[in-house]
Amino acid sequence: MASFHCEVGSVKRVAVIGAGVSGLAAIKSCLEEGLEPVCFEARSCIGGLWAAHKANYKKEAFIYNQLVFNTSKEMSCFSDFPYPKSYPPYLSREQQFEYLKSYVDHFGLLDHIRFNTTVVSVTPTSETSESGHQGANQKWSIRASNKLAPDEEPVEEVFDAVMICSGSLVVAEQPEYPGQDKFLGRTIHSCQYRQGADYEDENVLIVGSRNSAGDIAVECSRYAQNVYISSRKGIVVFPRMVNGGVPVDAYGNTLLGSYLPLIIRKKVVDQLLSQLYDLKDFGLLPDSRIPARLTSMVNDEIVQRIAYGRVKPKPSVKAFKLDRVVFSDNSNEKIDTVIYATGYRAQFPFIDDSILEDDVKKRSLYLHTFPTAIKQPTLAVIGQFFVMGATAPVFEMQTRCAVSVFKGLTRLPDRPAMQRSIEERRAINMYQYGMDKPFVEFVQTISEFAKLTGCYPRLWQYLMKGDFRLFWSILAKPFFPYVTRLEGQHRWPGARQAIFEGMDNMYSATRSPPLPVTVKTRVNWRAVLVLALVILLVLVQFQVISFR
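Residues numbered from 1 in each chain as written. Predicted model: local features only at pLDDT ≥ 70, side-chain atom pairs only at ≥ 80, totals over all residues. Heavy atoms only, no water.

Enquirer: Explanation requested: the overall build of the protein chain in the structure shown.
Expert: Within the protein chain, the regular secondary structure consists of 16 helices and 26 strands. Considering the protein chain as a whole, with its 548 residues, one finds that 51% of them fall into the buried category. Taking the contacts inside the protein chain whose residues are at least 6 apart along the sequence as the reference set, 70% of them involve residues at least 24 apart. Summed over all atoms, the accessible surface of the protein chain reaches about 26300 Å², with 55% contributed by carbon and sulfur. (Helix = DSSP H or I, 4+ residues; strand = E, 2+ residues; numbered from the N terminus. Buried < 20%, exposed > 50% of the residue type's maximum accessible area, 1.4 Å probe, protein only. Contact = heavy atoms within 4.5 Å. Areas by Shrake-Rupley, 256 points an atom, 1.4 Å probe, with all protein chains shown as cover.)

Enquirer: Explain helix H4 (residues 211–220) to me, please; I cannot follow it from the model alone.
Expert: Note on helix geometry: an α-helix contains 3.6 residues per turn, so any two residues three or four positions apart are oriented the same way. Among the 10 residues of H4, 8 are classified as buried, and the element is accordingly described as predominantly covered. By the burial criterion, the buried members of H4 are Ala213, Gly214, Asp215, Ile216, Ala217, Val218, Glu219 and Cys220. Buried positions along H4 lie against strand E10 (203–207), strand E11 (226–230), strand E15 (296–298), helix H8 (302–307) and strand E20 (337–340).

Enquirer: Help me out: how do you make sense of the packing of helix H9 (residues 392–406) against helix H11 (residues 442–453) in this one?
Expert: Helix-helix packing: each pair is described by the crossing angle between the helix axes and the interaxial distance. At a minimum axis separation of 9 Å, H9 and H11 run at an interaxial angle of 20 degrees. Classified by the angle their axes make, H9 and H11 are roughly parallel. Note that H9 runs across H11; the crossing there is left-handed. Contacts between H9 and H11 involve Pro393, Val394, Met397, Gln398, Arg400, Cys401 and Ser404 from the former and Phe442, Thr445, Ile446, Phe449, Ala450, Leu452 and Thr453 from the latter. Partitioned by chemical class, the residues of the contact of H9 with H11 number 9 nonpolar, 4 polar and 1 charged. (Axes fitted to C-alpha atoms, helices over the stretch in contact; angles between N-to-C directions. Parallel < 35°, antiparallel > 145°, perpendicular 65-115°, else oblique. Left-handed = near helix turned anticlockwise from the far one by under 90°. Nonpolar A, V, L, I, M, F, W, Y, C, P; charged D, E, K, R; others polar.)

Enquirer: How should I be thinking about helix H3 (residues 93–107) in this particular structure?
Expert: Here H3 contains 15 residues, and its C-alpha end-to-end distance of 22 Å stays within 8% of the 21 Å for a straight helix at 1.5 Å per residue. Here H3 has its buried residues at Arg93, Gln96, Phe97, Tyr99, Leu100, Tyr103 and Val104. The arc that holds the buried residues of H3, viewed along the axis, is 155 degrees, so those residues lie on one side. Turned more than 90 degrees from where H3 packs its buried face, Asp105 and His106 sit exposed. (Expected span 1.5 Å × (residues − 1). Arc of directions from axis to C-beta.)

Enquirer: In this structure, what is going on with the sheet that holds strand E4 (residues 117–125)? I would like to understand it.
Expert: Two orientations exist for strands paired in a sheet by backbone hydrogen bonds: parallel and antiparallel. The 3 strands are arranged E4-E5-E6 in an open sheet whose pairing can be described as antiparallel. Of all the strands in the sheet, just E4 and strand E6 (155–159) have a single pairing partner and so form its edges. For this sheet the average axis-to-axis angle between neighbouring strands, irrespective of direction, equals 25 degrees. As defined by bridge partners, E4 adjoins strand E5 (residues 139–146) across 8 bridges and the pair is classed as antiparallel. Looking across to E5, one finds that Thr118 is bridged to Ser145. (Pairing = 2+ DSSP bridges.)

Enquirer: How should the packing of aromatic side chains be read in this particular structure?
Expert: Ring pairs (aromatic) are described by centroid distance and by the angle formed between their planes. Going through the model one piece at a time under the given rule, you end up with 19 aromatic pairs. On the basis of an interplanar angle of 80 degrees and a centroid distance of 6.4 Å, the ring pair of Phe348 and Phe350 is categorised as edge-to-face. Residue Phe348 shares its accessibility class with Phe350, and that shared class is buried. Through a chain of ring-to-ring contacts, three or more aromatic side chains come together here, namely Phe78, Phe81, Tyr83, Tyr87, Tyr99, Tyr103 and Phe107. The ring of Tyr228 carries the charged tip of Lys312 above its face, separated from the ring centre by 5.7 Å. (Phe/Tyr/Trp six-rings, centres within 6.5 Å; stacked < 30°, edge-to-face > 60°. Lys NZ or Arg CZ within 6 Å of the ring centre and 35° of its normal.)

Enquirer: Is there a simple way to explain the sheet that holds strand E16 (residues 312–314) in this structure?
Expert: Sheet architecture is open: 5 strands sit in the order E9-E20-E10-E11-E16, paired in parallel fashion. The open sheet has two edge strands with one neighbour each: strand E9 (186–189) and E16. Across the sheet, the mean angle from the axis of one strand to that of its neighbour is 20 degrees, orientation sign disregarded. Bridging between E10 and E11 involves 5 bridges; their strand directions are parallel. Counterpart to Val207 in the pairing with E11 is Ser230. Lying over the sheet, H4 contacts E10, E11 and E20, oriented at roughly 170 degrees with respect to E11.

Enquirer: I keep staring at the pattern of salt bridges and nothing clicks. Help me out?
Expert: A side chain with one charge may pair with a side chain of the opposite charge, provided their charged atoms come close. The tally for this structure, following the rule as stated, stands at 21 salt bridges. Across the salt bridge formed by Arg114 and Glu157, the nearest N and O atoms sit 2.5 Å from each other. Residue Arg114 is located in strand E3 (residues 113–114), and its partner Glu157 is located in strand E6; the two are separated by 43 residues in the primary sequence. Between Arg222 and Glu219 there is a salt bridge, with its nearest N and O atoms 3.7 Å apart. (Salt bridge = Lys/Arg side-chain N within 4 Å of Asp/Glu carboxyl O.)

Enquirer: I keep staring at the side chain of Thr445 and nothing clicks. Help me out?
Expert: Residue placement: Thr445 occurs in helix H11. Apart from residues lying up to four places away in sequence, Thr445 is in contact with Val394 and Val440.

Enquirer: Honestly, the nonpolar core in this entry has me stumped. Any pointers?
Expert: Looking at soluble globular proteins, one finds that nonpolar side chains tend to be buried together. Of all hydrophobic cores here, the largest spans 138 residues; its most connected members are Leu24, Met163, Ile164 and Ile351. Looking at this core element by element, the count peaks at 9 residues for H9. Counting residues in hydrophobic clusters, the runner-up holds 11 residues, among them Tyr228, Val317, Phe320 and Val325. (Core = buried A, V, L, I, M, F, W, Y, C linked by side-chain atoms within 4.5 Å.)

Enquirer: What is the right way to read the confidence of the model for the protein chain from this model?
Expert: In low-pLDDT regions, the fine details of the predicted coordinates are not to be read closely. In the predicted model, the protein chain carries a mean pLDDT of 87, and the fraction of residues at 70 or more is 89%. Ignoring residues within four places in sequence, the model shows residues 131–135, a span with pLDDT below 50, making 8 contacts including any to other chains. (pLDDT = per-residue confidence, 0-100.)

Enquirer: Just to check I follow, could you spell out the environment of Val237 for this structure?
Expert: By the secondary structure assignment, Val237 is in strand E12 (residues 236–238). Val237 gets classed as buried once you look at its relative accessible area, which sits at 1%. For the pair Val237 and Asn299, spaced 62 residues apart in the sequence, the C-alpha separation amounts to 6.4 Å. If near-sequence neighbours (up to four positions away) are discounted, Val237 is found in contact with Leu273, Tyr277, Leu279, Leu284, Met297, Asn299, Ile302 and Val303.

Okay, structure coming up:
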C-alpha cells in the first residue's frame, strides 16, 4: 500500500494552536524549515501553564508558586538553547517562564503569535490555501475569535497544515465517592490550590500519588494540623538526586540503559530504592511489584515528613460521611478539606471527534502524533502523552518530526501498518503502566522521532573516526537533548561542547568556587639548625644566658 505522506512543497502555511512549551517549539521548528507559522494563543502571553495567572480558579492546570522542577535543567532544555548558567539544577516556575521568554526573543517567535485569540473550529477543506496549492494535500479551515472583541464574528482562514499544541492538562479529573454530596467540608482540585498557609490548623486529605500530590502534602504539612495522603496502589518515591548528588533523571536516562530489558531496569531501580529507604516502613509499599505498574513520585521531603508524623499515608478512599472520610481499610478520619491531585485530561472542542477524540481510549494517533482518519498527514497533535522524564525536549523533537512530515521529507507507513503500531503501543502501555493514558520513555521517544527526522547521531561513525569521548558520552552518559543537534539539517555548532559540559553546567550556579592554591614551602632544616646555633652563641657571648 501507498505510504501516508505529504507532497514535497505542498505545505507552506501552518497554524499552531497554543503558545505553551510545545507551541513555541512548533513555531521554531516551522521557521527552521522555511514554513510560515501562525500561532493562536487564547491568553495574553506565552508560556501556557508556566505563565503567572492571577485568579485562575477554573478547572484547568495551574502552577503553584512553591513548585520546583522535578527534572534537572540540563535534561529539560530545548536542544539548541541551554538554560543560563546562573540557574540552579532544579528550576522554579519563575525561572522557567523567563527561559521561555528568552527563547521567544532569541529565535524571533513573537511576531508569529496572535494573542487573545481563541480557535473556534478546525475543519478539513479542499479550498485553495493562501500558499497557492490546491488538491495536493488536505487543507484546513480555521475559525478564530478575538477575545478582546467578543461582538465580532470569528475570522476564517485556510492553512496547509495544523499543529495542535493546546496541552494535555486542560480539564481537571475529579473522582466521585458515595456520600460526597453530603460532605460538610470542602473539596477542591489541585488546580485550585495556591499555598499551604491557606489550610492552617485544618485536617487536610490529599488524594493522589503523583508529583503534585507529594508537593501539596509536604507544603500543607507545615501549616495544617493533620495531613493525610491517599493512594490506591502505593507510592514509589524518588528523590531528585541520587548517588552523591546526581539528578535522578540524568542518572536514569542514558542511551545504553534504554537498550536494557525491562527486568534488568527493574533490578537497577530496586537496587537504587533499597539504598534510600524501605517503602513498607513508611506506609508507601505498592500492592504490586511489577515495576511498570508502580506509581512513581519525585519528592525530596515526603518520606521525611511521614517519618516526622506530619504526613500520614492512607489507602484509597471508600466513602464520605458528613465530616469524615472512610478508607478502604475501614479506618476513618475527620477531614476539613479534600484536595484531589488526580490529574487532567485533554479536550479538543474545536475539531470533530471523527478526527480527534477527547477520550484517550478511542484516540487513534500514530506515534501519538498523527491522526489516521485524514487524507494526508497535515495535522499533528503535540504533547498528548506523559513523559517519564522532561517534556520540553521530547515535545520539541516531536514538532521537528511533524514539520519534516509536512515538508514531505519524512514518509509514514500505510494506514494498516500505522493502526497495528497504535494497537501494539496501547497494549505495551497497559502492561507496563496499567492504565490507558499513554506513557512514553524519554530516551526511546526522542530517539524514535530523531531517526525519522534524520538527526539521530550515528554512533558507529564516531567510533570509527576515533572520537571515543563523544561516542562514550552519547552512549553511557546522560542523554542530553543536545544529542539531536549533532547531525542533520539543523545541527547546532555548540551541541558537542554542550554534551561534554552538561554535568558541569548542571551545578554551575551552586558549585563552590575553587579554593586558592596553597604553595607548599620546603623547609631547609639544616639552615634552621645553623641559625639556632648562631643565636645561641650570641646569647651566650652577651651573657644573656649562662650554663654555669
